[in-house]
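Analysis of the macromolecular model
Below, each chain spelled out in residue letters.
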Amino acid sequence: TPGSMNSSLRGGLVEFSHPSSTFIEPFFLTVAAGSGGPQIRYTSDGSSPTNESLLYTGLIEITKTTQIRASAVSISGVLGPVSSVSFVQLDEDVRNFNSNLPIVVLENFDGGRFRSNLITPAFMAIFEPDQTGRSLLAQRANVTTRASVKIRGASTNNQPKPNYSVEMWDETDDDRAIPMLGMPANADWVFYAPHDIDLTLIRNAVAFELSNQMGHYAPRTRFVEVFTNTGGGPLSADD
């Protein structure tokens, strides 16, 4: 269309009434797409919506840990970009959980134990300490994102607290570089759990810190509390 604006064939972005979060009591989620009221198709199984997916007709009741992915459908029937929102239900035993460390939640919606030879889609939330110096699972997360997770390492594969390679994803499963925990933006992160290799849990972190203070390169680190829910159901102390 030389000399004039292109017409829009795709549906626009959708908006959710609630951001990704933890929750205690069930609630209703609304999904909206730009003016004109195009159709909205959505899924709750982690897959990308298609023209055959569920048609949004009204409130969606969120009663359990759920990920909703939605796309607006234009008048011409073309799906717009995918948007997603994730909600993690808290069990009674963690509703008041708090820590002086940041809290990380990895949720794969009953996807089973993370494995070393398989990338598993997941949702990640990070809760950093507030003005009181405590981080709480029931507060609004500082970072929420789709992600992929796999176990990192071979000899440590079966230890009770495994190491993870975590990659941040956008809605098309491509790298999403974001800053977190005071460190520069990146898409790929290592969640290191030395377990019986280093009972102090701090040897690598101390060596990295000393190297940085001497002006040499070393990875930056932060200590965190991690919950990994791979068995479905509400997030609990067992996770």
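Residues numbered from 1 in each chain as written. Predicted model: local features only at pLDDT ≥ 70, side-chain atom pairs only at ≥ 80, totals over all residues. Heavy atoms only, no water.

Strands sit in the order β2-β9-β8-β5-β6 across an open sheet of five strands; the sheet is mixed. The strands lining the two open edges of the sheet, one partner per strand, are β2 (21–23) and β6 (54–55). Direction of pairing for strand β8 (residues 66–73) relative to strand β9 (residues 83–89): antiparallel, over a ladder of five bridges. Its bridge partner lying in β9, isoleucine 68 is registered against valine 85. (Pairing = 2+ DSSP bridges. Helix = DSSP H or I, 4+ residues; strand = E, 2+ residues; numbered from the N terminus.)

Let us now look at the packing of aromatic side chains. Tallied over the entire structure, the rule returns five aromatic pairs. Relative to tyrosine 164, the ring of phenylalanine 114 has its centre 5.4 Å away and its plane inclined at 75°; by these criteria the two rings are edge-to-face. A residue pair is termed long-range when its members are at least 10 positions apart, and phenylalanine 114 in the loop between β11 (103–107) and β12 (120–127) and tyrosine 164 in strand β15 (residues 163–169) qualify at 50 residues. An identical accessibility class is assigned to phenylalanine 114 and tyrosine 164; each is buried. (Phe/Tyr/Trp six-rings, centres within 6.5 Å; stacked < 30°, edge-to-face > 60°. Buried < 20%, exposed > 50% of the residue type's maximum accessible area, 1.4 Å probe, protein only.)

This part covers the pattern of salt bridges. Considering all chains together, one arrives at three salt bridges under this definition. The closest approach of N and O atoms between glutamate 171 and arginine 69, which form a salt bridge, is 2.8 Å. Here arginine 69 lies in strand β8 and glutamate 171 lies in the loop between β15 and β16 (178–180), a separation of 102 residues in the sequence. Residue classification places glutamate 171 among the partly exposed residues on the basis of a relative accessible area of 23%. In this structure, arginine 146 and aspartate 173 form a salt bridge, with 3.0 Å as the shortest nitrogen-oxygen distance. (Salt bridge = Lys/Arg side-chain N within 4 Å of Asp/Glu carboxyl O.)

Let us now look at the nonpolar core. Within the largest apolar cluster, 19 residues are counted, with the highest numbers of intra-cluster contacts made by Leu106, Met124, Tyr164, Val166, Met180 and Phe191. Elements with a minimum of two residues in this core: β11, β12, β14 (143–152), β15, β16 and β18 (188–191). The element best represented in this core is β14, accounting for four residues. Residue contacts for methionine 180: discarding those within four places in its chain leaves Met124, Ile126, Val143, Met168, Trp189 and Phe191. Judged by nonpolar contacts, the second largest core, of 16 residues, contains Phe23, Tyr56, Ile60 and Ala70. (Core = buried A, V, L, I, M, F, W, Y, C linked by side-chain atoms within 4.5 Å. Contact = heavy atoms within 4.5 Å.)

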